[in-house]
Amino acid sequence: TLLWLLDETVTAMGGRKLKQWIHQPLANKQSIEARQEIVTSFLNDFMLREEIKEAFKEVYDLERLVGRIGFGSAGGRDLAQLRQSLSKVPIIKQLLSESEDTVLQKLGAALEDCEVIWRKLQEAISENPPIAVKDGGVINNGYHERLDQLRDASVNGKKWIAALEQREREITGAKNLKIGYNRIFGYYIELTKSYIHLADESRYVRKQTLANAERYITDELKEKESLILSAEDESLVLEYELFTQVREEIKTY
């Protein structure tokens, strides 16, 4: 077919555009000549054509991505692909604008660089987001302070507990002091009967009495306990909310 013969496109969008042009040819002489001018300009500049073709190889199917964003079904990878694609627009725009051909210069000048969208995606969406948005890891660290706190609590909670245990041993001098957890009482500082006299009563609040030990809570541990226990679930919920906000903001463009 004629399409098979002519189709040297490097993107899905280009393939669809060429097919559309062949199936629905222009009928206006001025429009035909304007298109021919652009095609001729590219034909006459081999290096420019190759450089732009290379840039296009890293551009995803923007039409498909825009459709998914419009329907609200786009995932993290879709937004990452949009970001990757838009990062090539300034390069293509510059290549066209620096051409000696006025036709291509006009083509470059007409391109919108989409910097606002690209910057938003760069700030918000992680480098390699997972397929499922609700699995987490879609939003960048540093994008939202509360999300960063929750992630830190979730990932480093056990490290923090271990460090606190060591610090409390040094402060109280109770070598067998330990920090434990159970589903009913949550986190606690445990001192055996022989070390109870070392408990810092200005900070330690009795939580549970055992046959051979006392369990305490401190304001610091109580604050962290609440954060650690709810961190992962709250993190995933918040991250999904942030992602949908970003997606809706991009949708307005």
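Structure: above.
Counting restarts for each chain, with residues numbered from 1 along the sequence as it is written. Per-residue local features of the predicted model are confined to residues with pLDDT of at least 70, and side-chain atom pairs are confined, for both listing and counting, to 80 or more; whole-chain, interface and lining totals are unaffected and use all residues. Based on all heavy atoms of the structure, the side-chain values leave hydrogens and waters out of the count.

## Some details on the nonpolar core
- Nonpolar cores are built from buried Ala, Val, Leu, Ile, Met, Phe, Trp, Tyr and Cys residues. Side-chain atoms within 4.5 Å join them into one set. Working definition: with a 1.4 Å probe on protein chains only, accessible area under 20% of the residue-type maximum means buried, over 50% means exposed, and in between means partly exposed. Membership of the largest hydrophobic core comes to 26 residues, with the highest contact counts inside it found for Leu82, Leu121 and Ile125.
- Working definition: helices are DSSP H or I runs of at least four residues, strands are E runs of at least two. Numbering for both runs from the N terminus. Listed by contribution, the elements that provide at least two residues to this core are α5 (62-71), α6 (76-86), α9 (115-124), α10 (145-172) and α11 (219-251).
- Ranked by residue count, the leading element in this core is α11, at seven residues.
- Any two residues whose heavy atoms approach within 4.5 Å are treated as being in contact. Setting aside chain neighbours within four positions, we find Leu82 in contact with Leu62, Leu65, Ile69, Ile117, Leu121 and Ile250.
- Membership of the second largest hydrophobic core comes to 15 residues, among which are Ile161, Leu177, Tyr216 and Leu221.

## Description of the pairing of strand β1 (residues 178-182)
- Note on pairing: DSSP must find at least two bridges between two strands before they are called paired. Where β1 and strand β2 (residues 186-192) come together, five bridges link them in antiparallel fashion. Bridge pairing in β2 links Gly180 to Tyr188.
- Here β1 folds back onto β2, and the loop between the two strands holds three residues.

## Regarding the sheet that holds β1
- A sheet is described by the order of its strands in space; here four strands give the open sequence β1-β2-β4-β3, paired in antiparallel fashion. Both outer strands of the open sheet, β1 and β3 (205-209), are each paired with one neighbouring strand and no more. Going from strand to strand, the sheet's axes swing by 40° on average, the running direction of each strand aside.
- Here, axes are lines fitted to C-alpha atoms. For helices the fit covers the stretch in contact, and angles between N-to-C directions go from 0 to 180 degrees. Along the sheet face, α10 touches β1 and β2 and points at about 140° away from the line of β1.
- Those strands touched by α11 are β1, β2, β3 and β4 (213-217), and its axis lies near 140° from that of β2.

## What about the pattern of salt bridges?
- The salt bridge definition used is simple: a Lys or Arg side-chain nitrogen within 4 Å of an Asp or Glu carboxyl oxygen. In the structure shown here, the tally under the stated rule is 20 salt bridges.
- The partner of Arg146 in a salt bridge is Glu234, and the shortest N-O contact between them spans 3.0 Å. With a gap of 88 residues between them, Arg146 in helix α10 and Glu234 in helix α11 connect regions that are remote in the sequence.
- On the basis of relative accessibility, which here comes to 31%, the residue Glu234 falls in the partly exposed class.
- One salt-bridge network, in which partners are shared between bridges, spans Arg16, Asp61 and Glu63.

## Considerations on the packing of α5 against α6
- Following both chains from N to C, one finds α5 and α6 inclined at 135°, their axes separated by 10 Å at the closest point. As judged from the angle between their axes, α5 and α6 are oblique. Taken as a pair, α5 and α6 cross one another with a handedness that is left-handed. Packed against α5, whose contacting residues are Leu62, Arg64, Leu65, Arg68 and Ile69, the element α6 presents Asp78, Leu79, Gln81, Leu82 and Ser85 at the interface.
- In the contact of α5 with α6, the residues fall into five nonpolar, two polar and three charged. Orientation categories follow fixed angle ranges, with anything under 35 degrees roughly parallel, anything over 145 roughly antiparallel, 65 to 115 roughly perpendicular, and all other angles oblique. Each helix crossing is assigned a hand: it is left-handed if the near helix lies turned anticlockwise from the far helix by less than a right angle, otherwise right-handed if that turn is clockwise. Any residue outside Ala, Val, Leu, Ile, Met, Phe, Trp, Tyr, Cys, Pro, Asp, Glu, Lys and Arg is labelled polar, Gly included; the first ten of those are nonpolar and the last four are charged.

## Regarding the packing of aromatic side chains
- Note on ring pairs: Phe, Tyr and Trp rings are taken, using the six-membered ring of Trp, and paired if centres are within 6.5 Å. Classes follow the plane angle, with under 30 degrees stacked, over 60 edge-to-face and the rest tilted. In the structure shown here, the tally under the stated rule is two aromatic pairs.
- Note on Tyr181 and Tyr187: the rings are 4.9 Å apart at their centroids and 45° apart in plane angle, and the pair reads as tilted.
- For Tyr181, a relative accessible area of 39% corresponds to the partly exposed category.
- Take Tyr187: its relative accessible area is 13%, and that puts it in the buried class.
- Taking 5.4 Å as the distance between ring centres and 50° as the angle between the ring planes, the aromatic pair formed by Tyr204 and Tyr216 counts as tilted. Taken together, the residues Tyr204 in the loop between β2 and β3 and Tyr216 in strand β4 connect sequence positions twelve residues apart.
- With a relative accessible area of 6%, Tyr204 lands in the buried category.
- Take Tyr216: its relative accessible area is 4%, and that puts it in the buried class.
- When the ring centre of Tyr240 is taken as origin, the NZ or CZ atom of Lys134, which lies over that ring, is 5.0 Å away. The rule is short: NZ of Lys or CZ of Arg within 6 Å of the ring centre and within 35 degrees of the ring normal puts a charge over the ring.

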